[in-house]
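Residue strings, one per chain:
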Amino acid sequence: RMEEWIHLKGIVDNTPEQKQETVRKEMDNFYKLYAKWRSGISDDLVWGNIRPLPETMLQGYSSLRKVDSDDKGCISKQLNKLVVLKLNGGLGTGMGLGTVGPKSLIRVRDNATFLDVTLNQIENLNEKYGVSVPLVLMNSINTDDETRSALKKYKGITGSNVDVLCYMQSYYPRIDRETLLPCVKDYNNIDTNEGWYPPGHGDLYESLYNSGLLEKLISAGKEVLFISNIDNLGATVDLNILNHIMRANSKSQFIAEVTNKTRADVKGGTLIDYNGQAKLLEYAQVPPEHVDDFKCVKTFKIFNTNNLWISLEAIKDRVEKGILDRDIIENHKTLDDGRNVIQLETAVGAAIKNFPGAFAINVPRSRFLPVKQTSDLLLVMSNLYHLEEGVIKMSPLRQFPVTPLVKLGTEFKRIQHFLKRFQTIPDLLELDHLTVTGDVYFGRNVSLRGTVIIVANHGERIDIPANSLLENKIVSGNLRILDH
């Protein structure tokens, strides 16, 4: 369409000359997505064609060949071909931080941030095996400056052995819902202009290629990229999976980690067999009449952890050939100035269908420990977990390996309010289920066991006294015990 092409060309032409080449590449990638969307090529599913992943596409973790921990030579050789990439574009909006700062700089355990934990993991790995596994951070316009500033404290630290590389994902123009044209006319002030947005983590492939990092990593002898969300504290380098993808007889170019669904994961994306091909199905793609089917744990037994292992050469090949097709997620928003807009987004895992022979590994739940809300933060800050060589592990004192179900009310949503309501984090070792709503505060050294429900009605306040033990209890009404 000539009108659309002229509009996008105008965005490039109105950009300062030193930025035009970068903007041209991004607009080329945007136009492919935009043209597919405008052409009416549908990503809608025929629900009847959906099947569970067959055994040829889904492998149990226990079936993987176990790495000989004493064979450090082989392990080191494989690790030296690995790159760890963390998706670091998100803000802490789920914990009430709004647009203030990267989520990766929130303190989650022993005064360490997500970024600290990640770096500590790789430092320990590099030191233990005498290797050089680099860390790549895919930042967004919202996180890039503060992340780079935070990384300065690691430079020059004695013993720091991690090469940290940053690049910024693309920024695409939002689409006006009335004209169906981009909302912007130039690339200026993208950090403050509401007309621009980061198009989801599915942009990883092209933005990594355009940054020049992909070629740099391949030239350095790197072969495998391990991708995960930086807020998934369970997503550590797994030597058994790395060994599987690195074996000489392995033809795996793309491996996705999945795990068994629980009631807490009913909206999590899942992998399906669609017309004989592995495909990512996200909640946003499900027709309204099939939402209940999608949430059924008996029908969709696994969900996508967003831990991915992909061949770097295969990524380069797909990008250069222009054959990285991903389903479009259409996201409708209203801007502060009242404009109704559309964002076209993609998911990194949706690229699985472009890699013949791709499959999933059903991994232990311990490899999925995301911190999306303060209820998750409560768990990882508690004695349920401990840090060991940078890896957060469940305490061996926990009798059941299942994570407790925690639901905290809106009073706990903002992280600063959450922290004020706990004098110390309670003992959760024997907790099964916790629900807290209303104006509730916890004293020091509180222990919660079994199922505990605490409800403070409107206008009332509950203070759980220091050294309290609540086991299979419901606390309601108004309770306040003060020191004197």
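Conventions adopted
Residues numbered from 1 in each chain as written. Predicted model: local features only at pLDDT ≥ 70, side-chain atom pairs only at ≥ 80, totals over all residues. Heavy atoms only, no water. Phe/Tyr/Trp six-rings, centres within 6.5 Å; stacked < 30°, edge-to-face > 60°. Helix = DSSP H or I, 4+ residues; strand = E, 2+ residues; numbered from the N terminus. Buried < 20%, exposed > 50% of the residue type's maximum accessible area, 1.4 Å probe, protein only. Lys NZ or Arg CZ within 6 Å of the ring centre and 35° of its normal. Core = buried A, V, L, I, M, F, W, Y, C linked by side-chain atoms within 4.5 Å. Contact = heavy atoms within 4.5 Å. Salt bridge = Lys/Arg side-chain N within 4 Å of Asp/Glu carboxyl O.

Caption draft 1: Region of interest: the packing of aromatic side chains. If you walk through the whole model with that rule in mind, you get 13 aromatic pairs. Where F30 meets Y34, the ring centres are 5.4 Å apart and the plane angle is 20°; that geometry is what we call stacked. Linking F30 with Y34, this pair stays in helix α2 (residues 20-39), spanning four residues, or about one helical turn. A single burial state applies to F30 and to Y34, both of which are buried. With a centroid separation of 4.9 Å and an interplanar angle of 75°, the aromatic rings of F303 and F368 are classed as edge-to-face. Here F303, found in strand β15 (residues 302-311), pairs with F368, found in the loop between β18 (359-362) and α11 (374-381); they are 65 residues apart in sequence, far enough to count as distant. There is no split in this pair, since F303 and F368 are both buried. Site record: aromatic cluster; members linked through ring pairs are F30, Y31, Y34, W37 and Y172. Geometry around Y129 places K72 over its ring, the cationic atom sitting 6.0 Å from the centre.

Caption draft 2: Main features of the environment of D145. Locating D145 in the fold gives a position in helix α5 (residues 144-151). Taking the C-alpha atoms as reference points, D145 and P102, 43 residues apart in sequence, are found 9.4 Å from one another.

Caption draft 3: Just the nonpolar core, in detail. Judged by nonpolar contacts, the single largest core of 71 residues is most densely connected at L79, L82, F442 and I454. At seven residues, the largest contribution of residues to this core is made by helix α4 (residues 114-129). Sequence-distant contacts of L79, that is, excluding residues within four places in its chain, are made with L125, Y129, V131, V133, V237, L239 and L242. Y167, I218, I227 and A278 belong to the second-largest nonpolar core, a separate cluster that totals 40 residues.

Caption draft 4: Seen up close, the pattern of salt bridges. As enumerated under the stated definition, the model contains 21 salt bridges in all. With its nearest N and O atoms 3.1 Å apart, the salt bridge here joins K321 to D317. Taken as a pair, K321 and D317 lie in helix α10 (residues 312-321) at a separation of four residues, close to a single helical turn. The residue K353 makes a salt bridge to D327 at a minimum N-O spacing of 2.8 Å. Placement of the pair is K353 in the loop between β17 (340-345) and β18 and D327 in the loop between α10 and β16 (329-334), with a sequence separation of 26 residues.

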